[in-house]
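One-letter residues, chain by chain:
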Amino acid sequence: MERLQKVIARAGIASRRKAEELIKDGKVKVNGKVVTELGVKVSGSDRVEVNEIPLEKEVPVYFLLYKPRGVITSVSDEKGRKVVTDFFSEIKERIYPIGRLDYDTSGLILLTNDGDFAHLLMHPSHEIEKVYVAKVKGVPLKESLRKLEKGIQLEDGKTAPARVKMLSFDKKKQTAIVEISIHEGRNRQVRRMFEAIGHEVIKLKRERYGFLTLSGLKPGEARELTPHEVKQLRTLALDTSGKKS
Ligand code: URA
């Protein structure tokens, strides 16, 4: 859902300020009804008209990016650091990331201009499985990894059950590589889960999002999702919610 004035501005009809004036002047209709309030939010399925003319919708686009480390998951950064949309300078649609990866986390992130799709995928009850590979300090004990699997108490509540697998460890260097699959998407969740069992995450990569992988991509490379993949993601998100309720 997005603010009406933003949607009008995005369609290229007017600046955000002019769009607000159009709304206040009663020139804007949503689903056939005049709207004069500025707070109103609309979704892609709402019909917006300005001066009786329907808004042309931007064609929805969907991308998968292999985000490198050292990139902000945002469309802009006031400090001028690299952001995920910098990898799409040739794309004219106004895309934004679905969810986020930390600045230091690499891996798979989706971007779109389809607000309903982003909302569907990010909704807590629809959260799709995400697989991370973490390099951690020390070699976690089996019991510690079990704790992560069962759910561990964090500041913002207990985590949902996870799948955890030790991939390798180096006794000499005192590091381990652990795969962890979670459905939630809390802020810095994987890092905080490992911290809670006493193992700092040194490196983190998201390898999988549902059925999507980074296959064929190098850091900084992106590809468009196929229409079939988009459809599959929608189905997956809706199925996931069904299973949990
Ligand atoms: N969990 C984290 O701790 N960081 C991420 O970027 C993603 C998941």
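Shown above is the structure to which this text applies.
Engineer: How would you sum up the overall build of the protein? Please name residues and give values.
Structural biologist: A count of helical and extended segments in the protein gives six helices and 17 strands. The principal-axis extents of the C-alpha atoms in the protein amount to approximately 70 × 40 × 35 Å. The 245 residues of the protein split such that 45% are buried. The contacts in the protein between residues at least 6 apart in sequence include a share of 63% that link residues at least 24 apart. Within the structure as shown, the protein displays about 13,800 Å² of accessible surface, and the carbon and sulfur contribution to it stands at 50%. Of the charged side chains in the protein, 48 are positive and 35 negative; the average position of the first set lies 5 Å away from that of the second.

Engineer: Run through the pairing of strand β15 (residues 201-209), naming residues and quoting values.
Structural biologist: Successive residues of a regular strand alternate their side chains across the two faces of the sheet. Inspection of the sheet shows strand β9 (residues 105-112) paired to β15 by three bridges, in the parallel sense. Its bridge partner being in β15, Ser106 is matched across the sheet by Lys205. Judged from the seven bridges that link them, strand β10 (residues 130-137) and β15 form a sheet pairing that is antiparallel. When the bridges of β15 are listed, Lys135 appears paired with Lys203. As judged from the two bridges shared by β15 and strand β16 (residues 212-213), these two strands associate in the antiparallel manner. The residue of β16 that forms the bridge with Tyr209 is Leu212.

Engineer: Residue-level account of the nonpolar core, with values.
Structural biologist: Ranked by size, the top nonpolar core spans 29 residues in total, and within it Leu148, Ile180, Met193 and Phe194 carry the most contacts. It is strand β14 (residues 175-182) that contributes the most residues to this core, four residues altogether. Structurally, this core is a two-domain feature, drawing no fewer than three residues from each of domain 2 (62-125 + 218-244) and domain 3 (129-209). Beyond its immediate sequence surroundings of up to four residues, Met193 is in contact with Leu148, Ile152, Leu154, Thr159, Ala162, Ile180 and Ile182.

Engineer: Hey, could you go over the site of the ligand for me, with residue numbers and the actual values?
Structural biologist: By nearness alone, every residue bordering the ligand is listed as Leu101, Asp102, Thr105, Tyr132, Arg188, Gln189, Val190, Arg191 and Leu204. The side chain of Asp102 places a nitrogen or oxygen atom 2.7 Å from a nitrogen atom of the ligand. Within the complex, the protein chains bury 97% of what would otherwise be the 230 Å² of accessible surface of the ligand. Among the elements that take part in the shell around the ligand, helix α5 (residues 189-196) stands out by supplying three residues, more than any other. Partitioned by chemical class, the residues of the shell around the ligand number four nonpolar, two polar and three charged. Each of domain 2 (62-125 + 218-244) and domain 3 (129-209) accounts for three or more of the residues forming the shell around the ligand.

The rules behind these values
Residues numbered from 1 in each chain as written. Predicted model: local features only at pLDDT ≥ 70, side-chain atom pairs only at ≥ 80, totals over all residues. Heavy atoms only, no water. Helix = DSSP H or I, 4+ residues; strand = E, 2+ residues; numbered from the N terminus. Buried < 20%, exposed > 50% of the residue type's maximum accessible area, 1.4 Å probe, protein only. Contact = heavy atoms within 4.5 Å. Areas by Shrake-Rupley, 256 points an atom, 1.4 Å probe, with all protein chains shown as cover. Lys, Arg positive; Asp, Glu negative; His and termini not counted. Charge placed at Lys NZ, Arg CZ, Asp CG, Glu CD. Pairing = 2+ DSSP bridges. Core = buried A, V, L, I, M, F, W, Y, C linked by side-chain atoms within 4.5 Å. Domains from an automatic or database assignment. Near = heavy atom within 4 Å. Polar contact = N/O pair within 3.5 Å; in protein donor to acceptor, adjacent residues only side chain to side chain. Nonpolar A, V, L, I, M, F, W, Y, C, P; charged D, E, K, R; others polar.

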